[in-house]
Amino acid sequence: MAKAGWHRLREEDAVTIARRLPVRFDLAVEARLPCARPVSLTRVAHQVRQDMWRRLQGLRGFSPAVEVRQEAGHLTIRAGGTVAGALPATARDTLAELLDSPTHRARWLAHAGRRADG
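Just so it is clear, the structure is predicted and the values come from calculations on it, not from any experiment. Starting afresh in each chain, residues are numbered from 1 along the sequence in its written order. Local features in this predicted model are restricted to residues of pLDDT 70 or higher, and side-chain atom pairs are both shown and tallied only at a pLDDT of 80 or more, whereas totals for entire chains, interfaces and linings draw on every residue. Hydrogens and waters are ignored; side-chain quantities use all the structure's heavy atoms.

A.B. asks: Looking at this structure, how should I read the environment of Cys 35?
C.D. replies: Considering the arrangement of structural elements, one finds Cys 35 in the loop between β3 (27-34) and α1 (41-56). Its relative accessible area of 5% is what places Cys 35 among the buried residues. Separated by 75 residues in sequence, Cys 35 and Ala 110 have C-alpha atoms that sit 11 Å apart. The contact rule is simple, with two residues in contact once any of their heavy atoms fall within 4.5 Å. Excluding its chain neighbours within four sequence positions, the residues that come into contact with Cys 35 are Gln 70, Gly 73, His 74, Leu 75 and Leu 109. Helix and strand assignments follow DSSP, with helices taken as H or I runs no shorter than four residues and strands as E runs no shorter than two, numbered in order from the N terminus. Note on exposure labels: buried denotes an accessible area under 20% of the residue type's maximum, exposed denotes more than 50%, and partly exposed covers the range between, all computed with a 1.4 Å probe on protein chains only.

In structure tokens, the structure reads:
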């Protein structure tokens, strides 16, 4: 465990961060971001996790997880996590709205481009 209690699972072209292991996605939304330059996948994952937590922190039993995968010309982000309680119908829509936000996407990539180290 590293970075204040977050697990980081590293693969060749992907990073997953989660509070608990094994990683589960009871709630999951995917998005693709155009990205042709090198970026830190870990930084993108942490930025998405922070913004997701701000939106869903009232969701009882929620434990966030984010996977960021580098693919040809884009990043694929899977965000969500474990939900121990009931899953409201609005949670998926709230998360999809966040991942589709042009403002958030630009900030995530700008932050991650500062250092492409992981």
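A.B. asks: Looking at this model, I keep getting lost on the pairing of strand β2 (residues 14-18). Mind explaining?
C.D. replies: Two faces, one strand: in a regular strand the side chains alternate between the faces of the sheet. Of all 5 residues in β2, 5 are buried; the element is thus mostly enclosed. Along β2, one buried face is formed by Ala 14, Thr 16 and Ala 18 and the opposite face, lined by Val 15 and Ile 17, is buried too. Summarising the sheet, strand β1 (residues 7-10) and β2 pair through 4 bridges and their orientation is antiparallel. Pairing of Arg 8 across the sheet is with Ile 17, part of β2. With antiparallel pairing between neighbouring strands as the criterion, β1 and β2 make up a hairpin whose turn holds 3 residues. In this analysis, strands are considered paired if DSSP registers two or more bridges between them. Two elements, β2 and strand β4 (residues 62-71), share 5 bridges in a ladder whose sense is antiparallel. Along β4, the bridge assignment pairs Ala 18 with Ala 65.

A.B. asks: Help me understand the pattern of salt bridges, please; the structure alone is not making it clear to me.
C.D. replies: Two side chains that carry opposite charge are able to pair once their charged atoms sit near each other. Should a side-chain nitrogen of Lys or Arg be within 4 Å of a carboxyl oxygen of Asp or Glu, the pair is scored as a salt bridge. Under the definition given, this model contains 8 salt bridges. The partner of Asp 26 in a salt bridge is Arg 24, with the nearest N and O atoms 2.6 Å apart. Residue Arg 78 is joined to Glu 67 by a salt bridge in which the shortest nitrogen-to-oxygen separation is 3.7 Å. Within this pair, whereas Arg 78 is found in strand β5 (residues 74-83), its partner Glu 67 is found in strand β4, the two being separated by 11 residues in sequence.

A.B. asks: What am I meant to see in unusual backbone geometry here?
C.D. replies: With the exception of glycine, the majority of residues adopt a negative phi angle, and the majority of peptide bonds are in the trans configuration. The omega torsion across Leu 21 and Pro 22 is -5°, close enough to zero to call that bond cis. Along the chain, Pro 22 falls in the loop between β2 and β3.

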